[in-house]
Amino acid sequence: MKAAVYYEGGSPDVLKYEEVADPVVGARDVLVKVHAVSIEGGDTLSRGFGPAGPTPYCGGYLAAGEIIEIGSDVTDRHVGQRVTTAGNGGSHASLRAVNSRSAWPIPDEMSYEIGACIPIPFGTADDSLFEFGKLVAGETVLIHAGASGTGLSGIQLAKRAGARVLATASSNERLERLKEYGLDEGINYVETDFEEAAKALTDGKGPDLIVDSVGGQNLEKSLRCAAYRGRIVAMGGAGRDAYQPDFSVMSGQNKTYVSYFQGAELAYNGARARANVQRLIGDVGKGELRVVIDKQFKLSEAAAAHAYIESRQAFGRVLLIPDNI
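Everything quoted here is computed from the prediction, not taken from an experiment.

**Student:** Please explain the pattern of salt bridges as it appears in this structure.
**Tutor:** Where side chains of opposite charge bring their charged atoms close, a pairing between them can arise. Under the counting rule described, the total for this entry stands at 21 salt bridges. A salt bridge links K2 to E19, with the nearest nitrogen and oxygen atoms 4.0 Å apart. Residue K2 is found in strand β1 (residues 2-6), and its partner E19 is found in strand β2 (residues 16-19); the two are separated by 17 residues along the sequence. Residue class for K2 comes out partly exposed when judged on its relative accessible area of 35%. Classification of E19 by relative accessible area gives exposed; the value is 52%. Taking the shortest distance from any N to any O, the salt bridge between R272 and E265 comes out at 3.1 Å.

Structure representation (structure tokens):
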């Protein structure tokens, strides 16, 4: 099969488009002919760190396509089924093998491009807001990196739940576009200190919930900025900031901090987490939630696609499409 692989960590140009061995299909696996790959922020972070397995290493979390083979013990999926998949590596390829539990059926009328974008961004946003963030109608939530896939998902979900939605982004143009998806008030973090702005927008109180995908110093400011008894849910580290936050800034405020990782929830509380992703796929299929696709690249252009994401120009998802599709 063809795949975008790397032999060492580094900048996007470590990605090479090569012919590699087809994936091995285990007894509980399904083999998927990939039609669309959604690139996650974690994909670019992992590439920077280096191969997580034998080289040539094929990374990537999300891909959608058609099942062309099932393992001997698979009873919950079938050949010809249209699915979206999530896994720790292997998405940047024309074929992908994953455990059948990590392959969610998608409606016939849903494109593979849309389907590929749902499991991690919407699943992470939904859990961060509700399962772990305990957001309820009437509260104010601040969502960092509002123009990211998870940010756009979170804005829609929070607005649908009756919350007041604040978000950060790097330009006024992006913030204006986010209003279409439910943003109430935007904060341009390039021009404005988000902590001061969020306090001003909440009459000095601070947001009831802050979802922080940036980490580092940004997270420390989120810890300080949240309201009395506020909640801070940290997921991801898009800011690539090694700074270790000082948690004492929450002292005396009875605040709650949660570090969230969807992979752990799928591993330890899988039945709930998998059902939640399937529910969100249905919501997208019914038009209640929207996937925003910014740009598509060929799989052979994976290096350029990663570079585009790291340039922070994207508004929504960036996809890879196998060259033979």
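**Student:** Teacher, can you tell me more about the packing of helix α3 (residues 119-131) against helix α4 (residues 149-160) here?
**Tutor:** The geometry of a pair of packed helices is captured by two quantities: the angle between their axes and the separation between those axes. Taken N-terminus to C-terminus, the directions of α3 and α4 make an angle of 50°; their axes are 8 Å apart at the nearest point. Relative to α4, the element α3 is oriented oblique. Read as a crossing pair, α3 and α4 show a hand that is right-handed. Along the contact surface, α3 presents P121, F122, T124, A125, D126, L129 and F130, while α4 presents G149, T150, S153, G154, Q156, L157 and A158. Its residues assigned to classes, the contact of α3 with α4 shows seven nonpolar, six polar and one charged.

**Student:** Got a minute to help me understand the environment of R160 in this structure?
**Tutor:** With respect to the helices and strands, the residue R160 is situated in helix α4. Look at R160 and you get partly exposed, because its relative accessible area is 40%. Those residues within four positions of R160 in sequence are excluded, and the remaining contacts are R279, D283, E288 and L289.

**Student:** Help me understand the side chain of S153 in this model?
**Tutor:** Residue placement: S153 occurs in helix α4. Not counting chain neighbours up to four residues away, the residues in contact with S153 comprise P121, F122 and A125.

**Student:** Teacher, can you tell me more about the nonpolar core here?
**Tutor:** The tendency in soluble globular proteins is for nonpolar side chains to be buried as a group. Ranked by size, the top nonpolar core spans 47 residues in total, and within it F122, L129, V141, I155 and L178 carry the most contacts. The contacts of V141, once residues within four sequence positions are left out, are L129, L135, A158, A163, R164, V165, L166, L209 and V211.

**Student:** Is there a simple way to think about the sheet that holds strand β11 (residues 185-188) in this case?
**Tutor:** Strand order in the open sheet made by the six strands is β11-β10-β9-β12-β13-β14, with parallel pairing throughout. Each having just a single partner strand, β11 and β14 (256-259) make up the two edges of the open sheet. On average, each strand axis in the sheet is inclined to that of its neighbour by 15°, with strand direction left out of account. Strand direction decides the pairing type here: strand β9 (residues 140-143) and strand β10 (residues 164-169), joined by four bridges, are parallel. Paired with L142 across the bridge in β10 is L166. Each of β9, β12 (209-212) and β13 (231-234) touches α3; the most contacted strand, β12, lies at about 155° to it.

**Student:** Can you walk me through the packing of aromatic side chains in this structure?
**Tutor:** Each aromatic ring pair is characterised by the separation of its centres together with the angle its planes make. Per the stated rule, a full pass over the model turns up five aromatic pairs. Aromatic side chains F132 and Y260 sit 5.0 Å apart centroid to centroid with 50° between the ring planes, which places their arrangement in the tilted category. One end of the pair, F132, is in the loop between α3 and β9; the other, Y260, is in the loop between β14 and α8 (262-268), with 128 residues separating them in the sequence. A residue is classified by how much of its surface remains accessible, and F132, at 27% relative accessible area, is partly exposed. Over the face of the ring belonging to Y112 we find R82, whose NZ or CZ atom lies 4.3 Å from the ring centre. Positioned over the ring face of Y308 is K295, at 4.7 Å from the centre of the ring.

The rules behind the values
Residues numbered from 1 in each chain as written. Predicted model: local features only at pLDDT ≥ 70, side-chain atom pairs only at ≥ 80, totals over all residues. Heavy atoms only, no water. Salt bridge = Lys/Arg side-chain N within 4 Å of Asp/Glu carboxyl O. Helix = DSSP H or I, 4+ residues; strand = E, 2+ residues; numbered from the N terminus. Buried < 20%, exposed > 50% of the residue type's maximum accessible area, 1.4 Å probe, protein only. Axes fitted to C-alpha atoms, helices over the stretch in contact; angles between N-to-C directions. Parallel < 35°, antiparallel > 145°, perpendicular 65-115°, else oblique. Left-handed = near helix turned anticlockwise from the far one by under 90°. Contact = heavy atoms within 4.5 Å. Nonpolar A, V, L, I, M, F, W, Y, C, P; charged D, E, K, R; others polar. Core = buried A, V, L, I, M, F, W, Y, C linked by side-chain atoms within 4.5 Å. Pairing = 2+ DSSP bridges. Phe/Tyr/Trp six-rings, centres within 6.5 Å; stacked < 30°, edge-to-face > 60°. Lys NZ or Arg CZ within 6 Å of the ring centre and 35° of its normal.

Interpretation in functional terms is not warranted from these geometric data alone.
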